[in-house]
Amino acid sequence: VFELVTDQIIISDTLSVRLVRPVSEDEVVEHYVANEAFDADPYWATLWPSAFAVSRYIANAPALVRDKTVCDLGAGLGLAGLVACAAGAKRVELFDREPLALACAILSIEANGFQDRVLVKDFDWNDVREDQAKFDTLLACDVLYESHAVLPVAELVPKLVKRGGGRFLLGDPPSRAPQNRKRFKETLTEQYGAFVMRELLVQEGGDELVFIDFKM
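Residues numbered from 1 in each chain as written. Predicted model: local features only at pLDDT ≥ 70, side-chain atom pairs only at ≥ 80, totals over all residues. Heavy atoms only, no water.

- An unreviewed UniProt entry lists the protein under the name Methyltransferase small domain-containing protein, from Ostreococcus lucimarinus.

Next comes the structure, spelled out in structure tokens:
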């Protein structure tokens, strides 16, 4: 559909992954427009700074994923999930609703030789099965930019994260929608009993990012 490139993404001195992505994000947008896919989200093709922030946190604290089950929610290109696998996760699932994003992610999984530990899933967070498996660690990058997503994502976290010590790692731009993040944090802690283990303001490629580590 569009031209792809494979990049070597360096996360730390000892951790890097291969990532397959579209050469041009504009071509992806044009493809969606040409196909009148106006309800779809072409911005999965962007490698967002928050994905780097979550990935670097994992690289610095690999015990959060080592020998654990991990889900990358709204994975897009899947960087954070791939990094979790490289850091020693037992199993990683990349959740997204965009088929083209999942197709790219599959190519990245193959490029890294992670086929035995990483899989993709077409996932609609507004329609979660009652028997949905829960994970030790949930990752999410840039999922709160729309106000109508705040409550569905907050309700989703306890459906995907194990109680009694499961972790939820969130990366979010601090100034894009701070009111959404505030409401999300209040909902997750007050209604669902999450604890904020750490909240950091980090620099990533010239951008500021908020990183929050929740414990369920």
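Next comes the rest of the description.
Quick word on the overall build of the protein
Phase 1: Within the protein, the regular secondary structure consists of six helices and nine strands.
Phase 2: In terms of overall size, the protein behaves like a compact globule, its C-alpha atoms giving a radius of gyration of 16 Å where 216 residues would be expected to give roughly 17 Å.
Phase 3: For the C-alpha atoms alone, the extent of the protein along its principal axes is close to 45 × 40 × 40 Å.
Phase 4: For the protein, the proportion of its 216 residues judged to be buried stands at 49%.
Phase 5: Considering only contacts within the protein whose residues lie at least 6 apart along the sequence, 66% involve residues at least 24 apart.
Phase 6: When the accessible surface of the protein is split by element, carbon and sulfur atoms take 47% of a total near 10400 Å².
Phase 7: If the 23 positive side-chain charges of the protein are averaged to one point and the 34 negative ones to another, these points end up 10 Å apart. (Helix = DSSP H or I, 4+ residues; strand = E, 2+ residues; numbered from the N terminus. Rg over C-alpha atoms; globule rule 2.2 N^0.38 Å. Buried < 20%, exposed > 50% of the residue type's maximum accessible area, 1.4 Å probe, protein only. Contact = heavy atoms within 4.5 Å. Areas by Shrake-Rupley, 256 points an atom, 1.4 Å probe, with all protein chains shown as cover. Lys, Arg positive; Asp, Glu negative; His and termini not counted. Charge placed at Lys NZ, Arg CZ, Asp CG, Glu CD.)

Considering the side chain of T137
Phase 1: Its location among the elements puts T137 in strand β6 (residues 137-141).
Phase 2: Among the polar contacts made by the side chain of T137, one reaches the main-chain carbonyl oxygen of L64 at a distance of 2.6 Å.
Phase 3: Apart from residues no more than four positions distant in its own chain, T137 is found in contact with L64, V65, K68, T69, V70, C71, R167 and L169. (Polar contact = N/O pair within 3.5 Å; in protein donor to acceptor, adjacent residues only side chain to side chain.)

Description of the layout of surface pockets
Gaps left between atoms show up when a probe the size of a water molecule is rolled over them.
Phase 1: By volume, the largest pocket is sized at about 840 Å³.
Phase 2: As for the largest pocket, its lining consists of 37 residues, of which D41, G74, W125, D142 and Y145 are closest to the centre.
Phase 3: Those elements giving two or more residues to the lining of the largest pocket turn out to be α2 (49-60), β3 (69-73), α3 (79-86) and β4 (91-96).
Phase 4: Residues belonging to the lining of the largest pocket are distributed by class as follows: 20 nonpolar, seven polar and ten charged. (1 Å grid on protein atoms, 1.4 Å probe; cavity = no way out; pocket = protein on both sides within 12 Å on 5 of 7 lines; lining within 4 Å. Points joined across faces, edges and corners; volume = space filled by probe spheres on them. Nonpolar A, V, L, I, M, F, W, Y, C, P; charged D, E, K, R; others polar.)

Thoughts on the packing of helix α5 (residues 150-160) against helix α6 (residues 178-190)
Phase 1: Between α5 and α6, whose axes approach to 9 Å, the crossing angle comes to 35 degrees. As for how α5 packs across α6, the hand of that crossing is right-handed. Contact residues: α5 offers V150, L151, V153, A154, V157 and P158, while α6 offers N180, R183, F184, T187 and L188.
Phase 2: Within the contact of α5 with α6, the residues separate by chemical class into eight nonpolar, two polar and one charged. (Axes fitted to C-alpha atoms, helices over the stretch in contact; angles between N-to-C directions. Left-handed = near helix turned anticlockwise from the far one by under 90°.)

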